Amino acid sequence: METRKIAIVGAGISGLLACKYTLSKGLHPIVFESETSIGGVWTKTVETTKLQTPKPAYQFSDFPWPDSVTEDFPNGHQVLEYVESYACHFNLLKHVKFGTRVLSIGYDGPPAEAMQSWSLWGGDGMPFRSGGKWKIRVQDCLSLETETYEVDFVILCVGRFSGIPNIPEFPPNRGPEAFHGKVIHSMDYAAMDYQAAKEFVSGKRVVVVGLQKSALDIAMECSAVNGVERPCTVLYKTEHWNVPDYLPWGVPLALLYLTRFSELLVHKPREGLLLSLLATLLSPLRWAVSKFVESDIKRKLPLKKFGMVPKHSFLQEISSCAISTVPKKFYDRVEEGSIILKKALAFRFCEDGISINGEVEPLNSDLVILATGFRGEKKLVDVFESQLFKDCLSGSPNSIVPLYRECIHPRIPQLAVIGFSESVANLYTSEMRCRWLAELLAGTFKLPSIKKMEEDIEEWNKYMKRSSGQYYRRSCIGALHIWYNDQLCRDIGWNPKRKGGFFAELFEPYGPTDYVSP
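Residues numbered from 1 in each chain as written. Predicted model: local features only at pLDDT ≥ 70, side-chain atom pairs only at ≥ 80, totals over all residues. Heavy atoms only, no water.

(A) Local environment of the overall build of the protein. In terms of regular secondary structure, the protein is built from 18 helices and 16 strands. Its C-alpha radius of gyration of 23 Å places the protein within 12% of the 24 Å reference for a compact globule of 518 residues. A burial count over the protein gives 53% of its 518 residues as buried. In the protein, the proportion of contacts linking residues at least 24 apart, taken out of those at least 6 apart, comes to 74%. Accessible area of the protein: about 22,500 Å², with a carbon and sulfur share of 54%. Averaging the coordinates of the 60 positive side-chain charges in the protein and doing the same for the 59 negative ones gives two points 4 Å apart. (Helix = DSSP H or I, 4+ residues; strand = E, 2+ residues; numbered from the N terminus. Rg over C-alpha atoms; globule rule 2.2 N^0.38 Å. Buried < 20%, exposed > 50% of the residue type's maximum accessible area, 1.4 Å probe, protein only. Contact = heavy atoms within 4.5 Å. Areas by Shrake-Rupley, 256 points an atom, 1.4 Å probe, with all protein chains shown as cover. Lys, Arg positive; Asp, Glu negative; His and termini not counted. Charge placed at Lys NZ, Arg CZ, Asp CG, Glu CD.)

(B) Quick look at the state of the cysteines. Under the counting rule described, the total for this entry stands at one disulfide. Between the sulfur atoms of Cys-321 and its disulfide partner Cys-476 the distance amounts to 1.9 Å. What sets the handedness of the Cys-321 and Cys-476 disulfide is the S-S torsion sign, and at about 75° it is right-handed. Placement of Cys-321 in the loop between helix H11 (314–319) and helix H12 (330–336) and of Cys-476 in the loop between helix H16 (450–468) and helix H17 (481–492) is noted, with a sequence separation of 155 residues between them. With respect to burial, Cys-321 and Cys-476 carry one shared label: buried. Sulfur of Cys-19: no disulfide; nearest cysteine sulfur belongs to Cys-157 and is 9.9 Å away. In this structure Cys-350 is not part of a disulfide, and its nearest cysteine sulfur, from Cys-232, lies 17 Å away. (Disulfide = S-S within 2.5 Å.)

(C) Representation of a nonpolar patch on the surface. On the surface, Phe-502, Phe-503 and Phe-507 cluster together into a nonpolar patch covering about 380 Å² of accessible area. Along the chain, the position of Phe-507 falls in helix H18 (residues 502–507). When its relative accessible area of 38% is taken as the criterion, Phe-507 is described as partly exposed. (Patch = residues over 30% accessible without salt bridge, like charges linked within 9 Å, V, L, I, M, F, W, Y side chains within 5 Å. Salt bridge = Lys/Arg side-chain N within 4 Å of Asp/Glu carboxyl O.)

(D) Inspection of the sheet that holds strand S12 (residues 347–350) at higher detail. Taken together, the three strands give an open sheet; going across it, the order is S12-S13-S14, and neighbouring strands pair in antiparallel fashion. In this open sheet, the two strands that pair with only one neighbour each are S12 and strand S14 (363–364). With four bridges connecting them, S12 and strand S13 (residues 353–356) associate as antiparallel partners. Bridging across to S13, Phe-347 finds its partner in Ile-356. (Pairing = 2+ DSSP bridges.)

(E) Highlighting the nonpolar core. Judged by nonpolar contacts, the single largest core of 145 residues is most densely connected at Trp-134, Ile-136 and Trp-436. With nine residues, the top contributor of residues to this core is helix H15 (residues 426–441). For Ile-136, the residues in contact, after removing those within four places along its chain, are Ala-7, Phe-32, Val-102, Ser-104, Ile-105, Glu-147, Thr-148, Tyr-149, Val-151 and Val-154. (Core = buried A, V, L, I, M, F, W, Y, C linked by side-chain atoms within 4.5 Å.)

(F) Expanded view of the packing of aromatic side chains. This structure, assessed with the given rule, holds 32 aromatic pairs. Seen in terms of ring centroids, Phe-32 and Tyr-149 are 5.1 Å apart; in terms of plane orientation they differ by 65°. Their pairing is edge-to-face. Of this pair, Phe-32 sits in strand S2 (residues 28–32) while Tyr-149 sits in strand S6 (residues 146–151), and the two are 117 residues apart along the sequence. Comparing Phe-32 with Tyr-149 shows no difference in burial state: the two are buried. Between Trp-121 and Phe-153 the ring centres are 6.3 Å apart and the planes differ by 75°, which places this aromatic pair in the edge-to-face class. Of the two residues, Trp-121 is situated in the loop between helix H3 (112–116) and strand S5 (133–140) and Phe-153 in strand S7 (residues 153–156); the sequence distance between them amounts to 32 residues. Given the relative accessible area of 0%, Trp-121 is considered buried. (Phe/Tyr/Trp six-rings, centres within 6.5 Å; stacked < 30°, edge-to-face > 60°.)

(G) Here's a closer look at the layout of surface pockets. Of the pockets and cavities examined, the second largest pocket occupies roughly 660 Å³. Together, 28 residues line the second largest pocket, and Lys-50, Lys-213, Val-326, Pro-327 and Lys-328 are the ones closest to its centre. At the level of elements, helix H6 (213–226) and H12 are the ones that each hand at least two residues to the lining of the second largest pocket. Broken down by element, the residue count for the lining of the second largest pocket peaks at six residues, all from H6. Among the residues forming the lining of the second largest pocket, the class breakdown is 13 nonpolar, two polar and 13 charged. (1 Å grid on protein atoms, 1.4 Å probe; cavity = no way out; pocket = protein on both sides within 12 Å on 5 of 7 lines; lining within 4 Å. Points joined across faces, edges and corners; volume = space filled by probe spheres on them. Nonpolar A, V, L, I, M, F, W, Y, C, P; charged D, E, K, R; others polar.)

(H) Structural context of the pattern of salt bridges. Counted under the stated rule, the structure contains 28 salt bridges. Lys-133 is paired through a salt bridge with Asp-152; the nearest N and O atoms lie 2.4 Å apart. Of the two residues, Lys-133 sits in strand S5 while Asp-152 sits in the loop between S6 and S7, which places them 19 residues apart along the sequence. Asp-152 carries the same exposure label as Lys-133, and that label is buried. Look at the salt bridges and you will find they share partners, linking Asp-245, Asp-296, Arg-299 and Lys-300 into a network.

Structure representation (structure tokens):
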């Protein structure tokens, strides 16, 4: 019997997991990686970057962190070493084609009109079609020679936080071209070696645009180099509940948001009448837990003093996967004046720096670093040759990326996406998705009809809009990771309840090791 060939695009954490679990089913994965090493986003980080998720929640289920890593939040080097050790332990590197960029993927199968009439994924609900193949066109990054591979299935593991920077739009002649200084994206800063980055910002008046983790880390590094003589300005639009730690009032945050009981407080997709009623009745407790966490953050950080108290709730922050940790002594730097926080709902460039709407004087600067995120959806869509598939994956501008179980597009055959939708611990979630996908490829279960999958996607879309507010375009399972994993478990025939005993099942936090075996 012919071994099915699986193309995996990207050798970050999701790509490595996809490689391992497809191998476990006797499939033949080929991982295409444009860089010269594995690790994805962890290969290019700023010097002070640390893991955002506590170590126990960010680990492979069958490969624990080494005893030598004692911190709860390891640094970027330690995370990369851990990922590399995992790949070596399971002998995955031999399946990776380094320095190989995927230019495009094209589906060789039935015409578009026939595919649009299907009622089942792929026409028959199966992951492999006898007549369907993907053509993967790749380029060697050194020789620039191109080659085409024919495979039976494609797994896109391109992630959301690299590749195509998100550059804000500006009026004509008021963008970076109007500025006499330098404008770069945070990805350009992270790509520098540490010494070069310090020399690059040294002696410059730096403005960092953004308030998420990369913005805070870069601002800290700039303030360490230039001090109060040339303070770093952090320009932001919206305040966020960035946390000082994961122990509000000494209570582990996981006990408040990563247990079955905590999920009873939240309205869920397809929850049924009883659970809906329970979530409604428990809404005062849901509010109280959020206020409990918020009060601790305000106690530990001088948010009110600097006008940094968010207008939205902490629950909305965690539901939209927007939480990040505040670097130690960040607000000490704000107090001393080496970091200046400045809110701007809109801005544009001028010769001397940045012109903020409503202010007469410009914010004079020499260097602007845009820590404004990435256009992950564009990177995901652009790889397709088919305009039909581009349109399918783009979906509606007012909805999430339409993926069933956050993995499968109902109308794109023989393809899965892993690692695009976020959670509170992305490694953990990617591993569960890869295990689910491996069982699908092995024929353990079949997908429902296209109509039912699209209905399920819409239910999750409604949940994300309701829970995430203005951030609903972020594909995120946030505060419902147990509910989500339960669905994956039921699909593949596992018991979703992984704890021992009623109280443990209800009140103990769930983590990667709970799913180490069926």
